Amino acid sequence: MGRLWLFGGKGGVGKTTSSAATALWLARAGFRTLVVSSDPAHSTSDSLRYPLGPEPTPVADEENLWGMELDPERTIEQVLPKFSEAMSGSMGNSLTGMFTGIDTDSIQDEMSQVEASQLMIPGLDEALAFDQLLRYVEDPRFDVIIFDTAPTGHTLRFLSLPEVLDSWMDRILRYYRMTGGLRMMLFGGKKQDAMREELEKFQRRVSHVRRVLTDPELANFTLVCIPEQMAVAETTRAAEALDEYGITVNGIIVNRVTPDFDHPFIQSRRETEQSYLENLRQLFGGLPVAEIPLSESDVHGLDSLHSLALGLHGDEPIIPEDMKPISVSNGIPINLRRGLNIRKNEGELVVEMYLPAANKEELNLRSEGNDLYIGVNGREARIEVGHRVKVKDAEARFEDDILRLTVKGESLD
């Protein structure tokens, strides 16, 4: 499992720039890095000046950098397929087969609209985004996942979702019971039970996402703001709210800080900003507060992002060959480690995977050709190992959150 590093804050303060620059910095250090955005405006693509899609996309010629932009609306049918099926054509198809002389298309449209409105509860779009994100957090091929979150209010709305889902599910299922006879005749009890099962599975995944977010060994949240009174006040409120949910804030990035130039207007502006920064430092005690100076031009493209990252984080760290964690970044220190390490050792192939959220009983291993498949929490990730591996002949050991698979030379094809 890769470290999940979230960047949040109100809109327009530089979350995307900070997260994209950090992802590029980590990738050039050698960490396999995925930067993810849930912003429908595709601002991460604009920041990198490279088109991203809804699946991990290699960024330019950067060996260790992938990017993706989540589309919650697109994933709703993947996350709730049985519910979506019930919302779609089966209603009208069933009516057509049973009745004549009625406008089945109008009934189908009306039912779909009613049920779609039931779906869109506060926080559901964020839940879909986080649920999709978790697929990659649990993928050992990535060492670190950088998540450019929606404005903080949306993230907080998601965190309250597990409780909201309880009443939401009851409301949906009650709606189905109220339409009882006709709906039972159209869909049958089995489909209604399948819908309930799908909703409950989704609820369990949402709860699992929140457990990951509240584990400081797996996730950290960096707040981004600008040196203005309203932004500082909102950052303070966001940190307090995140703390209530048990989410670790590991630092504050203050973007667009006025440089120290010898000009009366600039000095006056800078003094005001520095008073806000001092207030931030007092409010957050020993929490790191890193500054990004106001740039003379917009920060877009890999070169300008890398320059910004060097100023924010310092020189790129040297990653150890083993799986030991190291502290990186001068501005916002955070512990990272490799999520996957494949090495040959005296005729043996050793595959090591960091899986801190996994239970030994839930791990699943299989091989196919040159690929190894690891299943965690019901999701499966493919790992290219470069050799045909016979898992049944391999020695597997899971300790200290690391799964170590040793394949003897005679078991390698």
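Novice: Hey, could you run me through the overall build of the protein in this one?
Specialist: If you tally the helices and strands in the protein, you get 13 helices and 17 strands. Burial status across the protein gives 52% buried among its 413 residues. Across the protein, every contact between residues at least 6 apart in sequence was considered, and the portion connecting residues at least 24 apart equals 69%.

Novice: Would you mind showing me how to read the pairing of strand E8 (residues 289-293) here?
Specialist: Taken residue by residue, a regular strand's side chains alternate between the two faces of the sheet. Of the pairings in the sheet, the one linking strand E7 (residues 249-257) to E8 comprises 4 bridges and is parallel in character. Paired with Val254 across the two strands is Glu291, which belongs to E8. A crossover connection joins E7 to the parallel E8 through helix H12 (residues 264-283); in handedness this β-α-β unit is right-handed.

Novice: How should I be thinking about the confidence of the model for the protein in this particular structure?
Specialist: Low-pLDDT stretches of the model should not have their predicted coordinates read in fine detail. Overall, the predicted model of the protein reaches an average pLDDT of 78, with 70% of residues at or above 70. Counting interchain partners and residues more than four positions distant, the pLDDT-below-50 stretch residues 110-118 has 16 contacts.

Novice: Whenever I open this one, the packing of helix H11 (residues 229-244) against H12 confuses me. Can you help?
Specialist: In a pair of packed helices, the angle between the axes and the distance between the axes together describe the arrangement. Viewed as axis vectors pointing N to C, H11 and H12 meet at an angle of 10°, and their least axial separation amounts to 10 Å. Comparing their axes, H12 and H11 come out roughly parallel. Contact residues: H11 offers Gln229, Val232 and Thr236, while H12 offers Tyr276, Asn279, Leu280 and Leu283. Residue composition of the contact of H11 with H12, grouped by class: 4 nonpolar, 3 polar and no charged.

Novice: What exactly am I supposed to notice about the sheet that holds strand E15 (residues 379-384) here?
Specialist: Each strand in a sheet pairs with its neighbour through backbone hydrogen bonds, running either in the same direction (parallel) or in the opposite one (antiparallel). The antiparallel open sheet is built from 3 strands, whose spatial order is E13-E14-E15. Strands at the two margins of the open sheet, each flanked by one partner only, are strand E13 (364-368) and E15. Sheet twist, expressed as the average angle between the axes of neighbouring strands with direction ignored, equals 25°. Pairing geometry for E13 and strand E14 (residues 371-376), over 5 bridges, is antiparallel. The partner of Ser367 across the bridge, within E14, is Leu372.

Novice: What exactly am I supposed to notice about the sheet that holds strand E12 (residues 348-354) here?
Specialist: Overall, antiparallel pairing links the 4 strands, which are arranged E11-E12-E17-E16 in an open sheet. Since the sheet does not close on itself, it has two edges, and those belong to strand E11 (340-345) and strand E16 (395-399), each with one partner. Going across the sheet, the axis of each strand differs from the next one's by a mean of 15°, ignoring polarity. As paired elements, E11 and E12 share 6 bridges and run antiparallel to each other. Looking across to E12, one finds that Arg343 is bridged to Val350.

Novice: Explain the packing of helix H1 (residues 15-29) against helix H13 (residues 302-313) here, please?
Specialist: Closest axis-to-axis distance for the H1/H13 pair is 8 Å, and the angle between their directions is 85°. On the basis of the axis angle, H1 is roughly perpendicular to H13. Side by side, H1 and H13 meet where Thr17, Ala20, Ala21, Thr22, Leu24, Trp25 and Arg28 of the first sit next to Leu302, Leu305, His306, Leu308, Ala309, Leu310, Leu312 and His313 of the second. Within the contact of H1 with H13, the residues separate by chemical class into 10 nonpolar, 4 polar and 1 charged.

Novice: How do you make sense of the pairing of E16 when you look at a structure like this?
Specialist: In terms of strand pairing, E16 meets strand E17 (residues 402-407) through 5 bridges, oriented antiparallel. Its bridge partner being in E17, Arg397 is matched across the sheet by Arg404. Between E16 and the antiparallel strand that follows it, E17, lie 2 residues; Asp400 among them carries a positive phi value of about 55°.

Conventions adopted
Residues numbered from 1 in each chain as written. Predicted model: local features only at pLDDT ≥ 70, side-chain atom pairs only at ≥ 80, totals over all residues. Heavy atoms only, no water. Helix = DSSP H or I, 4+ residues; strand = E, 2+ residues; numbered from the N terminus. Buried < 20%, exposed > 50% of the residue type's maximum accessible area, 1.4 Å probe, protein only. Contact = heavy atoms within 4.5 Å. Pairing = 2+ DSSP bridges. Right-handed = clockwise from strand over helix to strand, strands pointing away. pLDDT = per-residue confidence, 0-100. Axes fitted to C-alpha atoms, helices over the stretch in contact; angles between N-to-C directions. Parallel < 35°, antiparallel > 145°, perpendicular 65-115°, else oblique. Nonpolar A, V, L, I, M, F, W, Y, C, P; charged D, E, K, R; others polar.

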